[in-house]
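# Breakdown of the fold
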Amino acid sequence: MKRVQADDLPALHAFVTGLGQDLDAVVAGLSLLYSSGAVEDHNNKIKMLKRQMFGRANFDLLPKRVLLAARGRS
């Protein structure tokens, strides 16, 4: 991080500043054995289904599609 701040790359300066502001979370994310990857996967699937259905069906169909996707049948 010190080497990046010493270089003349403003885009990387912003990135390193963001890393420094949340350094504890970055270290934890790279060093702990567990992660929230499975939860994020489900969130992404639900958001994708919502985007696919936008303007095509009413809200009542969304829970049914989410359950089917959870079973691997989307």
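Our subject in this report is the structure included herewith. All of these numbers come straight from a predicted model, not from anything done at the bench.

## Thoughts on the overall build of the protein chain
When you go through the protein chain residue by residue, the secondary structure sums to 5 helices and 0 strands. The order of α-helices and β-strands along the protein chain, N terminus first, is α-α-α-α-α. For 74 residues, the compact-globule formula gives about 11 Å, and the C-alpha radius of gyration of the protein chain, at 20 Å, lies well above that figure. Projected onto its principal axes, the C-alpha coordinates of the protein chain cover approximately 55 × 30 × 15 Å. Expressed as a percentage of the 74 residues in the protein chain, the buried residues total 7%. Total accessible area on the protein chain stands at roughly 6,600 Å², and carbon and sulfur atoms take up 59% of it. If the 11 positive side-chain charges of the protein chain are averaged to one point and the 7 negative ones to another, these points end up 16 Å apart.

## Looking at the environment of alanine 25
Take alanine 25: it is sitting in helix 3 (residues 23–31). By relative accessible area, which is 42% here, alanine 25 ends up partly exposed. Taking the C-alpha atoms as reference points, alanine 25 and lysine 50, separated by 25 residues in sequence, lie 30 Å from one another.

## Re the pattern of salt bridges
Applying the stated rule across the entire model yields 1 salt bridge. With a closest N to O distance of 4.0 Å, aspartate 41 and lysine 45 form a salt bridge. Highlighted residues: aspartate 41 and lysine 45, both in helix 4 (residues 37–53), separated by 4 residues, approximately one helical turn. Lysine 45 sits in the partly exposed class, given a relative accessible area of 33%.

## A closer look at the packing of helix 4 against helix 5 (residues 61–70)
Any two packed helices are characterised by the angle at which their axes cross and by the distance between the axes. Viewed as axis vectors pointing N to C, helix 4 and helix 5 meet at an angle of 135°, and their least axial separation amounts to 10 Å. Viewed along their axes, helix 4 and helix 5 adopt a mutual orientation that is oblique. As helix 4 packs across helix 5, the resulting crossing turns out to be right-handed. Residues Lys45, Ile46, Leu49, Lys50, Gln52 and Met53 of helix 4 touch helix 5, and the partners they reach there are Leu61, Leu62, Arg65, Val66 and Ala69. Grouping the amino acids of the contact of helix 4 with helix 5 by side-chain chemistry returns 7 nonpolar, 1 polar and 3 charged.

Cut-offs and rules
Residues numbered from 1 in each chain as written. Predicted model: local features only at pLDDT ≥ 70, side-chain atom pairs only at ≥ 80, totals over all residues. Heavy atoms only, no water. Helix = DSSP H or I, 4+ residues; strand = E, 2+ residues; numbered from the N terminus. Rg over C-alpha atoms; globule rule 2.2 N^0.38 Å. Buried < 20%, exposed > 50% of the residue type's maximum accessible area, 1.4 Å probe, protein only. Areas by Shrake-Rupley, 256 points an atom, 1.4 Å probe, with all protein chains shown as cover. Lys, Arg positive; Asp, Glu negative; His and termini not counted. Charge placed at Lys NZ, Arg CZ, Asp CG, Glu CD. Salt bridge = Lys/Arg side-chain N within 4 Å of Asp/Glu carboxyl O. Axes fitted to C-alpha atoms, helices over the stretch in contact; angles between N-to-C directions. Parallel < 35°, antiparallel > 145°, perpendicular 65-115°, else oblique. Left-handed = near helix turned anticlockwise from the far one by under 90°. Contact = heavy atoms within 4.5 Å. Nonpolar A, V, L, I, M, F, W, Y, C, P; charged D, E, K, R; others polar.

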